[in-house]
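Next come the chains, spelled out residue by residue.
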Amino acid sequence: MALVKTNFPLFGNLFDDFFGTELADWRNQNYSATNTTLPKVNIKEDENGFVVEMAAPGMKKSDFKINVDNSLLTISSQKQEEQKEGEGEKYTRREFAYQAFTRSFTLPNSADADKVSASYNDGILTVTIPKKEEAKPKPPKSIEIS
C-alpha cells in the first residue's frame, strides 16, 4: 500500500499569498522592519519622574541610540553579525544576522527632556526621565490665619 500525497498548489499559494501579506497581519506592531520581535518595555512613574525599562538581552551599550526631539523619545538599535564556517574547505557557509528596531514615546509636559539619562545592565536598558521641578508634588502648606 503506497502513501499518496496530494498537492493543491493553486490553493496553497493562494492562502500563502493572502495570509502572508501585511494587509492580513494588521496587528504587526510587535515586529520591526527586519521581522524581528520588538523589545518589550515597562514604563513606571513616581513623584520624581518616569522610568522606561526595555528588555534587550545580548546587546551592548554601544548598540543603542537614544534621542529626544521636542517631546518625542526615540530608542533605536542596529546590530549586524556575520559568522563564517568552513573557510579552509572548498565551500564557505556564511550566516548573517541583522537586527534593527525603533521605539518612540511621547513625553508628557511634566517631563524634563533636558535631563534624560540611560544605563544598560543585565540585558535591561533603563531610561530615566525626571519631572520638571514645578510638576513635582509639593508638600502640604499650613496657612496661618491672621
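- Where an unreviewed UniProt entry is consulted, the protein chain appears under the name Hsp20/alpha crystallin family protein, with the organism given as Chryseobacterium manosquense.

Considerations on the environment of P130
Reasoning step 1: Here P130 is to be found in strand β7 (residues 124-130).
Reasoning step 2: Residues P130 and V116, 14 residues apart in the sequence, show an inter-C-alpha distance of 6.8 Å.
Reasoning step 3: The residues touching P130, leaving out its near neighbours within four places in the chain, are N48, G49, S110, A111, D112, K115 and V116.

Regarding unusual backbone geometry
Reasoning step 1: At N70, a residue that is not glycine, the phi angle is positive and equals roughly 55°.
Reasoning step 2: Mapped onto the fold, N70 is located in the loop between β3 (64-69) and β4 (72-85).
Reasoning step 3: Looking at N70, the relative accessible area reads 70%, which means it is exposed.
Reasoning step 4: Within the chain, D122 stands out as a residue other than glycine whose phi angle is a positive 50°.

As for the sheet that holds β7
Reasoning step 1: Spatially, β1-β2-β7-β6 is the arrangement adopted by the 4 strands of the open sheet, whose pairing is antiparallel. Edge strands, defined here as strands with exactly one partner in the open sheet, are β1 (41-45) and β6 (117-121). Here the average twist between neighbouring strands, direction ignored, is 15°.

Notes on the nonpolar core
Reasoning step 1: One finds F64, L73, I75, F101, L125, V127 and I129 to be the most contacted residues of the largest nonpolar core, which totals 17 residues.
Reasoning step 2: Within the residue set of this core, elements represented by two or more residues are β2 (49-55), β4, β5 (93-106) and β7.
Reasoning step 3: Ignoring sequence-local partners within four residues, the contact set of V127 consists of F50, V51, V52, I66, L73, I75, V116, S117 and A118.

Notes on the pattern of salt bridges
Side chains carrying opposite charge are able to pair once their charged atoms draw close together.
Reasoning step 1: Scanning all chains against the criterion turns up 4 salt bridges.
Reasoning step 2: For K136, the salt bridge identified is with E133, shortest N-O distance 3.0 Å.

Points about the side chain of S76
Reasoning step 1: Looking at the element boundaries, S76 is found in strand β4.
Reasoning step 2: Sequence-distant contacts of S76, that is, excluding residues within four places in its chain, are made with D63, F64, K65, F101 and T102.

With respect to the environment of F105
Reasoning step 1: Mapped onto the fold, F105 is located in strand β5.
Reasoning step 2: F105 sits in the buried class, given a relative accessible area of 14%.
Reasoning step 3: When the C-alpha atoms of F105 and L72 are compared, they prove to be 5.7 Å apart, with 33 residues separating the residues in sequence.
Reasoning step 4: Setting aside chain neighbours within four positions, we find F105 in contact with V41, I43, S71, L72, L73 and I75.

Let's talk about the pairing of β6
Reasoning step 1: Pairing geometry for β6 and β7, over 5 bridges, is antiparallel. Paired with S119 across the strands is T126, a residue of β7.
Reasoning step 2: What sits between the antiparallel neighbours β6 and β7 is a turn of 2 residues, in which D122 has the positive phi angle 50°.

Quick notes on the rules
- Residues numbered from 1 in each chain as written.
- Predicted model: local features only at pLDDT ≥ 70, side-chain atom pairs only at ≥ 80, totals over all residues.
- Heavy atoms only, no water.
- Helix = DSSP H or I, 4+ residues; strand = E, 2+ residues; numbered from the N terminus.
- Contact = heavy atoms within 4.5 Å.
- Buried < 20%, exposed > 50% of the residue type's maximum accessible area, 1.4 Å probe, protein only.
- Pairing = 2+ DSSP bridges.
- Axes fitted to C-alpha atoms, helices over the stretch in contact; angles between N-to-C directions.
- Core = buried A, V, L, I, M, F, W, Y, C linked by side-chain atoms within 4.5 Å.
- Salt bridge = Lys/Arg side-chain N within 4 Å of Asp/Glu carboxyl O.

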